[in-house]
Amino acid sequence: MSMDAVRLVTPLPGPKAQALIARDHAVLSPSYTRGYPLVVQSGQGAIVEDVDGNRFLDFNAGIAVVATGHCHPRVVEAIQKQAARLIHMSGTDFYYENMIQLAETLARLAPGGGARRVYLGNSGTEAIEAALKLARHHTGRQQFLSFYGGFHGRTMGALSLTASKTIQKKGFAPFVPGVHHVSYANCYRCEFGKTPDKCNLECLKQIEDLVLKHIVPASEIAAVVVEPVQGEGGYLVPPQKFIDELQALAQRHGMLLIFDEIQSGMGRTGRMFAADHFGAAPDMITLAKGIASGLPLSATVTRAEIMDWKPGQHASTFGGNPVAVAASLATVELLEESLIANAAHIGAHIMDRIRDWPRRFPMVGDVRGLGLMIGVEFVKDQVTKERDPESRNRIETLAFERGLLVLGAGQNTLRLCPPLTLTKDQADFAVDTLEECLKVLVQPS
Ligand code: PLP
């Protein structure tokens, strides 16, 4: 990484940033969570510059969104060309070619093979709403299973599935009835006291032994909605057998299996979809974050026969907007050309460098991940595994002060989700910087 790539020229926040933050606080929704005072002006690749001329290495990528890096020239060119030709037409009411092209592309890429149909929306939560409505419509069943720690969005249907942080639900009840939450595979802190080698999938047995026996008959569950790698829940990678058994359970009971790949999809894990790591073939997948490198777009991709609703039953004015679609087609091309392979390669390099952190740093309980979706869990005690959100939050601030942008996921996990363009030098800068921050925590000056 060139010497001036990361460059801090003012105290943080600088004077222009401070003035803008004051204006923001006076007028914008106070519901936003800002971890530290970064006011961004521009971005290129994995580097962003703030309004005072400070440059940072971005390990958030707009929360796993700018897969191709900030303002990738080919994405910018695709957006500019499309914006000059046609900005909006409403794919709900008319036809245009690039919308068809993107649907064909996603159908080709979808895990499991076979014919697929695609519904396009604008945000992750909309992709989930579409999946829920379609699952009810197709199966004639009304209820759902989803997982503790899961995050699926903030509109009422998606929020009803979400079981991440109670603040996200505080004051908004009642939710959509008929959603039943069950345990996710968090092997690092198995609530049944099992180590991964002794795992007998007690977390999933709860579904058959408790939920389906005491609460709801299987015949009323339309779908199981699951993140194949849990994102906001703390970047949790389940074991292969968790996914295998979940798939078998859904099949046994005629429930649809919906993979929410809004965060884990589009190359983030070093494969196009996290499902590909597990050889899984879900009935539906939902996509959003990385799909168009920052333009608002989402997709609900299903086995063709499932998408059996009729004209007028579901649509969205802006969904599949031609400019967002152009950005997406350019993004997919870049992912397939080199960026997925790069995510796998650089992700493995980072994991190699941080694997021994739990041995070297007492506050690191666990490191885990796939590709460039890596989580570092902070604990007060490596034996009791008591969560340590304060240390995690402190690392965010210490890293910011050193020119590295990272954010948390879940209660006590640091998430590393840089652009998939990340170079080895940039990865090394980030790991070196985080090690420096960890040493500050070990020996505060
Ligand atoms: N599903 C997952 C797995 C997510 O990570 C998110 C956002 O973080 C969503 C759904 C909701 O997406 P959006 O914020 O675009 O509505």
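Reading the values: the criteria
- Starting from 1, residues in each chain are numbered consecutively following that chain's sequence as written.
- Totals for whole chains, interfaces and linings use every residue, but because this is a predicted model, local features are given only for residues with pLDDT of at least 70 and side-chain atom pairs only at 80 or more, for both listing and counting.
- Calculated side-chain values reflect all of the structure's heavy atoms, with hydrogen atoms and water omitted.
- For this purpose, a residue is taken to be near a molecule or strand whenever a single non-hydrogen atom of the residue falls within 4 Å of it.
- Any N or O atom pair separated by 3.5 Å or less is treated as a polar contact, with the protein-specific requirement of one donor-capable and one acceptor-capable atom, and with residues adjacent in sequence counted only for side-chain atom pairs.
- Polar here means any residue outside two lists: the nonpolar Ala, Val, Leu, Ile, Met, Phe, Trp, Tyr, Cys and Pro, and the charged Asp, Glu, Lys and Arg; Gly therefore counts as polar.
- The term salt bridge refers to a side-chain nitrogen of Lys or Arg lying within 4 Å of a carboxyl oxygen of Asp or Glu.
- Each residue is assigned to one of three classes by its accessible area relative to the maximum for its type, calculated with a 1.4 Å probe on protein chains only: buried under 20%, partly exposed between the two thresholds, exposed over 50%.
- Pairing between two strands is assigned when DSSP locates at least 2 bridges connecting them.
- Strands are runs of DSSP state E lasting at least 2 residues, helices are runs of H or I lasting at least 4, and numbering of each runs from the N terminus.
- Here is the rule: rings of Phe, Tyr and Trp (six-membered ring for Trp) pair when centre to centre is within 6.5 Å. Planes less than 30 degrees apart are stacked, more than 60 are edge-to-face, and the remainder are tilted.
- Criterion for a charge above a ring: Lys NZ or Arg CZ within 6 Å of the ring centre, and within 35 degrees of the ring normal.
- Angles here are taken between N-to-C directions and fall from 0 to 180 degrees, while the axes themselves are lines fitted to C-alpha atoms, restricted in helices to the stretch in contact.
- Contacts are assigned to residue pairs with any non-hydrogen atoms lying within 4.5 Å of each other.
- All the domain ranges listed were derived from an automatic or database domain assignment.
- Reported buried area values correspond to the accessible surface (1.4 Å probe) lost by two parts on association, with both partners' losses combined.
- Each residue after the first adds 1.5 Å to the expected span of a helix.
- The arc in question is the one spanned by the directions pointing from the helix axis to the C-beta atoms.
- A patch consists of residues exposed above 30% relative accessible area that lack any salt bridge, with like charges linked at up to 9 Å and nonpolar side chains (Val, Leu, Ile, Met, Phe, Trp, Tyr) linked at up to 5 Å.
- Accessible surface area values rest on a Shrake-Rupley calculation with a 1.4 Å probe, where residue burial reflects the displayed protein chains alone.

Colleague: Could you give an account of the site of the ligand, with specific residues and numbers?
Modeller: The immediate surroundings of the ligand are formed by 13 residues, with Gly-124, Thr-125, Asp-260, Gln-263 and Lys-289 found nearest. A distance of 2.8 Å separates an oxygen atom of the ligand from a polar atom in the backbone of Gly-124. Note that an oxygen atom of the ligand is positioned 3.3 Å from one of the side-chain N or O atoms of Lys-289. When its residues are assigned to classes, the shell around the ligand shows 2 nonpolar, 6 polar and 5 charged.

Colleague: Any chance you could break down the pattern of salt bridges for me, citing the residues and the numbers?
Modeller: Two side chains with opposite charge may pair up if their charged atoms get near one another. Summed over the entire model, instances satisfying the criterion amount to 26 salt bridges. One salt bridge connects Arg-55 with Glu-49, and the closest N-O pair in it is separated by 2.9 Å. What makes Arg-55 partly exposed here is its relative accessible area of 22%. Lys-424 is the partner of Asp-428 in a salt bridge, and the nearest nitrogen-oxygen pair spans 3.7 Å.

Colleague: If you had to explain the sheet that holds strand E2 (residues 47-50) to someone new, which residues and values would you point to?
Modeller: Overall, mixed pairing links the 4 strands, which are arranged E1-E2-E3-E13 in an open sheet. For this open sheet the edge positions go to strand E1 (40-44) and strand E13 (404-405), each flanked by a neighbour on one side alone.

Colleague: Any chance you could break down the packing of aromatic side chains for me, citing the residues and the numbers?
Modeller: Enumeration over the complete set of coordinates arrives at 7 aromatic pairs. Here Tyr-36 and Phe-400 contribute two aromatic rings whose centre-to-centre distance is 4.6 Å and whose plane-to-plane angle is 20 degrees, an arrangement assigned as stacked. Of this pair, Tyr-36 sits in the loop between helix H1 (15-27) and E1 while Phe-400 sits in helix H12 (residues 389-401), placing them 364 residues apart in sequence. Accessibility expressed as a relative area gives 3% for Phe-400, which makes it buried. Between Tyr-184 and Phe-242 the ring centres are 5.3 Å apart and the planes differ by 65 degrees, which places this aromatic pair in the edge-to-face class. Here Tyr-184, found in the loop between strand E6 (179-182) and helix H7 (202-215), pairs with Phe-242, found in helix H8 (residues 240-252); they are 58 residues apart in sequence, far enough to count as distant. Of the two residues, Tyr-184 and Phe-242, both sit in the buried class. Each residue in the set Tyr-36, Phe-56 and Phe-400 is aromatic and connected to the rest through ring pairs, giving one cluster. Sitting above the plane of the Phe-175 ring, Lys-169 keeps its charged end 4.8 Å from the centroid. Its end group placed over the ring of Tyr-188, Lys-385 keeps NZ or CZ at 4.5 Å from the ring centre.

Colleague: Residues and numbers for the sheet that holds strand E14 (residues 407-409), please.
Modeller: Taken in spatial order, the 4 strands of this open sheet run E11-E12-E15-E14, and their pairing is antiparallel. Taken across any chain shown, the strands that pair with only one partner, and hence form the sheet edges, are strand E11 (364-370) and E14. Sheet twist, expressed as the mean angle between neighbouring strand axes with direction ignored, is 30 degrees. Where helix H10 (residues 322-354) meets the sheet, it contacts E11, strand E12 (373-378) and strand E15 (413-416), and its direction lies at approximately 20 degrees from that of E12.

Colleague: Summarise unusual backbone geometry; cite the residues concerned and give the values.
Modeller: Negative phi values dominate among residues other than glycine, just as trans dominates among peptide bonds. The peptide bond linking Leu-12 to Pro-13 adopts the cis configuration, its omega dihedral lying at -10 degrees. Geometrically, the link from Ala-173 to Pro-174 is a cis peptide bond, its omega value of 5 degrees lying close to zero. Residue placement: Pro-174 occurs in the loop between helix H6 (156-161) and E6. Of note in the backbone geometry, Ala-64 takes a positive phi value of approximately 65 degrees without being a glycine. Secondary-structure assignment places Ala-64 in helix H2 (residues 61-64). Judged by relative accessible area, Ala-64 falls into the buried class, the value being 4%. Backbone geometry places Cys-71, a non-glycine residue, at a positive phi of 50 degrees.

Colleague: Report on the domain arrangement of the protein, specifying residues and quantitative values.
Modeller: Interfaces are frequently sized by the accessible area removed from exposure as the parts join. For the protein, the assigned domains are domain 1 (3-71 + 340-442) and domain 2 (74-335). The contact between domain 1 and domain 2 buries some 2700 Å² in all, and 61% of this surface belongs to carbon and sulfur atoms. Applying the counting criterion to the domain 1 and domain 2 interface returns 2 salt bridges. A salt bridge links Glu-232 to Arg-415, with the nearest nitrogen and oxygen atoms 2.8 Å apart. For the pair domain 1 and domain 2, the interface holds 16 residue pairs in polar contact (both at pLDDT 80 or more).

Colleague: Tell me what's going on with H8, and back it up with residues and numbers.
Modeller: With 13 residues, H8 ought to run about 18 Å at 1.5 Å a step, and its terminal C-alpha atoms sit 18 Å apart, in line with that. Taken together, the buried positions of H8 are occupied by Phe-242, Ile-243, Leu-246, Gln-247, Leu-249 and Ala-250. Buried residues of H8 fall within an arc of 160 degrees about the axis and therefore sit on the same side. Against strand E5 (143-147), H7, strand E7 (221-226), strand E8 (256-260) and helix H9 (274-278) lie the buried residues of H8. Gly-254, located one to two residues past H8, shows a positive phi value of around 65 degrees.

Colleague: So, a nonpolar patch on the surface: which residues are in play, and what are the values?
Modeller: Together, Val-27, Leu-28 and Tyr-32 give the surface a local cluster of nonpolar side chains, amounting to about 320 Å² of exposed area. Inspection of the secondary structure assignment puts Tyr-32 in the loop between H1 and E1.

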